[in-house]
Amino acid sequence: MENTTIWLDKQDNRKVCVIDQRYLPHKFCTFEITCVAEAATAIRDMVVRGAPLIGVTAAYGMYFATLEANADSCEQDLQTAADTLAKTRPTAVNLKWAIHEQLSAISEVEDLESKRQVALRNAQKIANDDTAACKKIGEHGVELIREISAKKSGPVNILTHCNAGWLACINWGTATSPIYHAFLENIPIHVWVDETRPRNQGANLTAWEMQQRGVPHTVIVDNTGGHLMQHGLVDIVITGADRVTRGGDAANKIGTYLKALAAKDNDIPFYIALPTSTIDWQIEDGVKEIPIEERNQDEVKYIQGLCDGEIKKVLLTPPESPAKNYGFDVTPARLITGFITEEGIHDKICQLQKQENN
Ligand code: MRU
């Protein structure tokens, strides 16, 4: 698949362009990043979003940090930039992982010019590695869809939450990669797309991705999944993740936990698709230890859409009613059937750790 969410400007290698995801599907436009502050703004304001993509954006942010650093205060300048970028969004571990990858690559060379070259090359490598990992996730994950398809007539019904598509990564996506691979193999599939309030990444972004590719899909409100599952209309649930602990608890967009509970109650396989850069090996208990982002209450109180050809925000609540906006929740490992990574499909995250230690 030929997609990319972030690229270095061909004429000016001090400029990175991204798809501005705040206006899709109604308007396709790009956003330019030329400094650390703009990289931080793009992540914080969700111009870019999705765990792998915010990691890659932060990696380019660290490249800009090398361009902005002074030779005599280089280490301190880079650390300040790293702290600024790391603070933008707390839940997805890919952000801190990518910053750490950059700091350790940059520290291996001495002079500032070499640091700049290394930071640029490494940002591009992190992006390319993500694409390769997502492709592999699809190659492994399609096996699950193939198996279900072999046992039933009609399309395999896959439910997904939020957008863990190519827009959340560089290409392919995580949860969507098995879907795209199945579609390219002509396996009959149909995707239930949770709208994913409050920011509607499902209705806006996943639906747009599916529609662009011609993948059969239906957008549903967030509370529909349980009903569909009770009536045999969901064969498998696949979502992405922002952070998975070594114990296998998975933080993903708010509402994922409820889908996992409903899937368990209805004996429906529930899979998390993730690159291994989304694993936080430092922590075990996701509910206690994963920081959950809280965003502005206005994202709950208002809804954005197209009205008379213009993108507008509409107030849903009494203006005075307070709202609470948790960005993510944690699905405990006991509700997760398995993890689809670039390494294969695993029942438990510790099986991956064993491989790493081998
Ligand atoms: O708040 P967002 O849009 O950044 O949340 C994105 C998700 O929850 C995705 O499911 C997750 O990052 C996995 S992306 C491959």
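If you're wondering where the values come from, they're calculated on a predicted model, not measured in any experiment.

## Thoughts on the site of the ligand
The ligand sits among 18 residues. The nearest are Arg49, Arg89, Gln201, Asn252 and Lys253. Here an oxygen atom of the ligand sits 2.9 Å away from a polar atom, N or O, in the side chain of arginine 49. One of the side-chain N or O atoms of lysine 253 is found 2.7 Å from an oxygen atom in the ligand. Relative to its unbound accessible surface of 410 Å², the ligand loses 100% to contact with the protein.

## A few points about the nonpolar core
If you look at the biggest cluster of nonpolar residues, it comprises 43 residues, and the most contacted ones within it are Ile6, Ile33, Tyr60 and Met62. Only strand S1 (6-8), strand S2 (16-19), strand S3 (30-33), helix H1 (36-44), helix H2 (51-68), helix H3 (74-86), helix H4 (93-106) and helix H5 (112-151) provide two or more residues apiece to this core. With near-sequence residues (within four places) excluded, methionine 62 lies in contact with Leu78, Ala81, Ala82, Leu85, Ile99, Gln102, Leu103, Ile106 and Ala119. Ala164, Val191, Val215 and Ile238 belong to the second largest nonpolar core, which has 33 residues in total.

## Points about the pattern of salt bridges
For the structure on display, the rule yields 18 salt bridges. Residue arginine 243 pairs with aspartate 280 through a salt bridge whose shortest N-O separation is 2.7 Å. Residue arginine 243 is found in strand S8 (residues 243-245), and its partner aspartate 280 is found in strand S11 (residues 279-280); the two are separated by 37 residues along the sequence. Both residues of the pair, arginine 243 and aspartate 280, count as buried. In this structure, lysine 324 and glutamate 294 form a salt bridge, with 3.1 Å as the shortest nitrogen-oxygen distance. Of this pair, lysine 324 sits in the loop between strand S13 (310-315) and strand S14 (328-331) while glutamate 294 sits in the loop between helix H10 (286-289) and helix H11 (298-301), and the two are 30 residues apart along the sequence. Looking at lysine 324, the relative accessible area reads 53%, which means it is exposed. Through salt bridges with shared partners, one network takes in Arg89, Arg199, Glu293, Arg295 and Glu299.

## Some remarks on the environment of aspartate 285
With respect to the helices and strands, the residue aspartate 285 is situated in the loop between S11 and H10. Relative accessible area serves as the criterion here: at 24%, aspartate 285 is assigned to the partly exposed category. Sequence separation between aspartate 285 and alanine 250 is 35 residues, and the spatial gap between their C-alpha atoms is 9.6 Å. With near-sequence residues (within four places) excluded, aspartate 285 lies in contact with Thr245, Asp249 and Ile290. Of note is the side chain of aspartate 285, whose polar atom sits 3.1 Å from the backbone nitrogen of valine 287. A polar contact of 3.1 Å, which involves the side chain of aspartate 285, links it to the backbone nitrogen of lysine 288.

## Things to note about the UniProt feature "binding site: substrate" (unreviewed entry) in the protein
UniProt feature "binding site: substrate" (unreviewed entry): in the numbering of this structure it lies at Arg49, Gly50, Ala51, Arg89, Gln201, Asn252 and Lys253. Of the annotated positions mentioned, Arg49, Gly50, Ala51, Arg89, Gln201, Asn252 and Lys253 line the largest cavity. According to the relative accessible area criterion, alanine 51 is buried, its value standing at 3%. Excluding residues that lie within four positions of it along the chain, alanine 51 makes contacts with Ala92, Asn94, Ala168, Ala241 and Asp242. Relative to the helices and strands, glutamine 201 is located in helix H7 (residues 201-213). In this structure glutamine 201 comes out as buried when scored by relative accessible area, which is 4%.

## Brief notes about the layout of surface pockets
Looking at the largest pocket, its volume works out to about 470 Å³. What lines the largest pocket is a set of 21 residues, among which Arg22, Arg199, Glu299, Gln304 and Lys313 lie closest to the centre. Put simply, the parts of the chain that give the lining of the largest pocket at least two residues each are H7, H11 and strand S12 (302-307). Space inside the second largest pocket adds up to approximately 300 Å³. Around the second largest pocket, the lining is made up of 16 residues, and of these Trp97, Pro275, Thr276, Ser277 and Glu342 lie nearest the centre. Contributing elements (two or more residues each) for the lining of the second largest pocket: H2, H4 and H5.

## Some points on empty space enclosed by the protein
Within this structure, the stated rule accounts for two cavities of 30 Å³ or more. Space inside the largest cavity adds up to approximately 180 Å³. The wall of the largest cavity is formed by 24 residues, among which Gly50, Ala51, Asn163, Asp242 and Asn252 lie closest to the centre. Residue assignment for the lining of the largest cavity shows that the elements contributing at least two residues are H2 and strand S9 (250-253). Each residue belonging to the lining of the largest cavity can be placed in one class, and the counts come to 12 nonpolar, eight polar and four charged. Empty space within the second largest cavity amounts to approximately 40 Å³. Considering the residues around the second largest cavity, the lining is formed by Pro198, Arg199, Gln201, Lys253, Arg295, Glu299, Asn325 and Gly327. For the lining of the second largest cavity, the per-class residue count stands at one nonpolar, three polar and four charged.

Conventions and cut-offs
Position numbers for residues start from 1 in each chain and track the written sequence from start to end. Thresholds applied to this predicted model are a pLDDT of at least 70 for local features of residues and 80 or more for the giving and counting of side-chain atom pairs; totals over whole chains, interfaces and linings are not thresholded and use all residues. The side-chain figures draw on all heavy atoms in the structure; neither hydrogens nor water molecules are used. Residues are counted as near a molecule or strand when any one of their heavy atoms sits within 4 Å of it. N or O atoms closer than or at 3.5 Å make up a polar contact, with two conditions inside protein: a donor-capable atom paired with an acceptor-capable one, and, for residues adjacent in sequence, both atoms drawn from side chains. Each accessible area is a Shrake-Rupley result for a 1.4 Å probe, and residues are judged covered by the shown protein chains and nothing else. By nonpolar core is meant a set of buried Ala, Val, Leu, Ile, Met, Phe, Trp, Tyr and Cys residues that side-chain atoms within 4.5 Å join together. Only protein chains enter the accessibility calculation, which uses a 1.4 Å probe; a residue whose area is less than 20% of its type maximum is buried, one above 50% is exposed, and one in between is partly exposed. Runs of H or I in DSSP of at least four residues are treated as helices and runs of E of at least two as strands, each being numbered from the N terminus. By the convention used here, residues are in contact when the closest approach between their heavy atoms is within 4.5 Å. Criterion for a salt bridge: a side-chain nitrogen of Lys or Arg within 4 Å of a carboxyl oxygen of Asp or Glu. UniProt positions are given in the numbering used here, feature names are shortened, and annotations may be inferred rather than shown by experiment. Space inside and on the surface of the protein is sampled on a 1 Å grid over the protein atoms alone, with a cavity defined as a set of points where a 1.4 Å probe fits but cannot get out and a pocket as an open set with protein on both sides within 12 Å along at least 5 of 7 lines; lining residues have an atom within 4 Å of a point. Grid points are joined across faces, edges and corners, and a volume is the space filled by probe spheres set on the points. Each residue gets one of three labels, nonpolar for Ala, Val, Leu, Ile, Met, Phe, Trp, Tyr, Cys and Pro, charged for Asp, Glu, Lys and Arg, and polar for the others, Gly among them.

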